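# Architecture and fold: a report
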Amino acid sequence: MHLLVIASDRLQGFFLGNVLLLALESADFCNQYLRTDPQPRGIVTLKSFLFFWGIVFLITTTLVFIFKREKPHVPGEDDDEESEGIVLAYKQLYRIVTLKSVKSFMAILLTVKIGFAATDSVTTLKLIESGIPKERLALLAVPMIPLQIILPWIISKYTAGPKPLSVFLKAMPFRLFTGILFAYYVYWTPSQKMEGDSFPIYYYILLIMLFAFNQVAVYSMYVAIMSMHARVSDPAMGGTYMTLLNTVTNLGGNWPSTLVLWLVDPLTWKACLGASDTGHDCDSKRQIDQCTAAGGTCHTDIDGYYIEVIVCTIIGFLWLKLRHQEMRRIQDLPEGDWKVRSSNL
C-alpha cells in the first residue's frame, strides 16, 4: 500500500507539472483540441503556470496557519529534549552510514544507474531534436498512467519476501536492452517524418509500446529497491534510515544523468559543409554561427548520444556481471547487520 501511495503521488506531480503544462503551453495542442479560433500562443505560459501554483501554495499554507492549532509552547518546557532530538538524529545518521552493510549497499545505489543514464536523460531530448513536438511526447505519458498504477501493485507481490533484489537483478538486463532499442528508435525517427513535419500513427504506437516495455523494467527495479529499503530500515531510527537510503538512491540517478548531459555535446562530432571558405568548425555556438555566416551548415558526423548509449550499456552489463553476487549477498544479510546498536548512540 505504501508503494502504491508513492507511485500515485509521483504520477500526480508528473502529470500536473509536466504533461499538463506542456499541453496547455502548446499553441498547436490548444488550437486543435481546446479552441474554436486558432491563436498563436497556448492557453498558459510558464510564467502564468508558476504564478498560479504559487498563489495556490500561498492560499493553502495560509489556511493551514489559520485553522491548524498546535499545543501551546511553554518556555523552557521540552527545549532540552528538542535539542537532544536533533543531535540524536544526526548521531543516528552517522551510525547508520558507518554500518558495513549500509556502506556496501550505498556503493551499489550510487553506481547501479550508470547503465541507464544516457537513455533516461538524453533520449527524449533527441526525439524532440528529431522533430517530435514536446507536447506530443508529454501526452504519450498519459497511456502510461494506468500501467504505472497497476505495476507497483503487481510487482510488490514478488518483492514482499526476503529477496526483493532478485526482481531487480532480473529486470536490469531488460532495461539495459531497452536503451539500445531507444537509440535505434532515435536513429530511425528522421526517416519517418512526413510532409508538414508530422509522423505516422504507427510511429507513435510503436513508441508507446517501447515506453511501456521500458516502464515495466523501470518499475520492477524501483519497487524492488523500495522494498529493500523498507525491509532493512531499522524501525528504531524512525524515518532517518529510509530517508538516507532514498536520498542516496536519488543521488545515484542524478550524478550520471548530469554527467551524460554535460558530455553529449563534447562527444558529438560535427563538420561545416558548404562554407565559402575552409577552416570552420562546429564545436561551439560561436563556431556554428561563423559556419552559417560563411554560407555553410553544420552536419553531425557522429552523435554523442549514440556513443554514450553504447558506453553506458557496456558499463551496465559489466556492472551487472561484477556486482550481482554482491547484491545477492547483501539481501541475504541477517537483520542484525542492518541495525544500529543502542549502545553506540
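Residues numbered from 1 in each chain as written. Predicted model: local features only at pLDDT ≥ 70, side-chain atom pairs only at ≥ 80, totals over all residues. Heavy atoms only, no water.

### What to know about the side chain of S166
Stated precisely, the cut-off is as follows: Secondary structure elements follow DSSP: runs of H or I no shorter than four residues count as helices, runs of E no shorter than two count as strands, and numbering proceeds from the N terminus. Think of it in three bands: residues with accessible area under 20% of the maximum for their type are buried, residues over 50% are exposed, and the middle band is partly exposed, with areas taken using a 1.4 Å probe on protein chains only.
Here S166 shows up in helix α9 (residues 165-188). With relative accessibility at 14%, the residue S166 sits in the buried group.

### A closer look at the state of the cysteines
To keep things clear, this is the line we draw: Any pair of cysteine sulfurs within 2.5 Å is marked as a disulfide.
Enumeration over the complete set of coordinates arrives at one disulfide. Covalent S-S linkage joins C272 and C291, the inter-sulfur distance amounting to 2.0 Å. Taking the sign of the torsion about the S-S bond as the criterion, the disulfide between C272 and C291, at about 90°, is right-handed. Of this pair, C272 sits in strand β1 (residues 269-273) while C291 sits in helix α12 (residues 285-293), and the two are 19 residues apart along the sequence. Across the pair, C291 and C272 agree in class, each one buried.

### Observations concerning the packing of helix α6 (residues 117-129) against helix α13 (residues 304-331)
Note the threshold: Axis definition: a line fit to C-alpha positions, over the contact stretch in the case of helices; interaxial angles, taken between N-to-C directions, run 0 to 180 degrees. Any angle that is under 35 degrees is reported as roughly parallel, and any over 145 degrees as roughly antiparallel; angles of 65 to 115 degrees are reported as roughly perpendicular and all others as oblique. Crossing chirality is assigned from the near helix's rotation relative to the far helix, an anticlockwise turn below a right angle marking it left-handed and a clockwise turn marking it right-handed. Residue contacts are counted whenever heavy atoms from the two residues lie within 4.5 Å of one another. For this classification, Asp, Glu, Lys and Arg are treated as charged, while Ala, Val, Leu, Ile, Met, Phe, Trp, Tyr, Cys and Pro are nonpolar and the rest, including Gly, are polar.
One way to put it is that α6 packs onto α13 with a least axis distance of 9 Å and a crossing angle of 160°. Taken together, the axes of α6 and α13 are roughly antiparallel relative to one another. Crossing hand, α6 versus α13: left-handed. Residue-level inspection shows A117, A118, V122, T123 and K126 of α6 in contact with α13, the latter providing Y305, E308, V309 and C312. Among the residues forming the contact of α6 with α13, the class breakdown is six nonpolar, one polar and two charged.

### What to know about the packing of aromatic side chains
Definition in use: Centres within 6.5 Å make a pair out of two Phe, Tyr or Trp rings, where for Trp the six-membered ring is used; the pair is then stacked when the planes are under 30 degrees apart, edge-to-face when over 60, and tilted otherwise.
For the structure on display, the rule yields 15 aromatic pairs. A centroid spacing of 5.0 Å and a plane angle of 75° characterise the contact between F52 and W53, whose relative ring orientation is edge-to-face. The partly exposed category is assigned to W53, whose relative accessible area is 35%. A ring pair is formed by Y305 and Y306, whose centres lie 5.3 Å apart and whose planes are at 65°; its orientation type is edge-to-face. With relative accessibility at 26%, the residue Y306 sits in the partly exposed group. Through a chain of ring-to-ring contacts, the aromatic side chains of Y185, W188, F199, Y202, Y203 and Y204 assemble into a single cluster.

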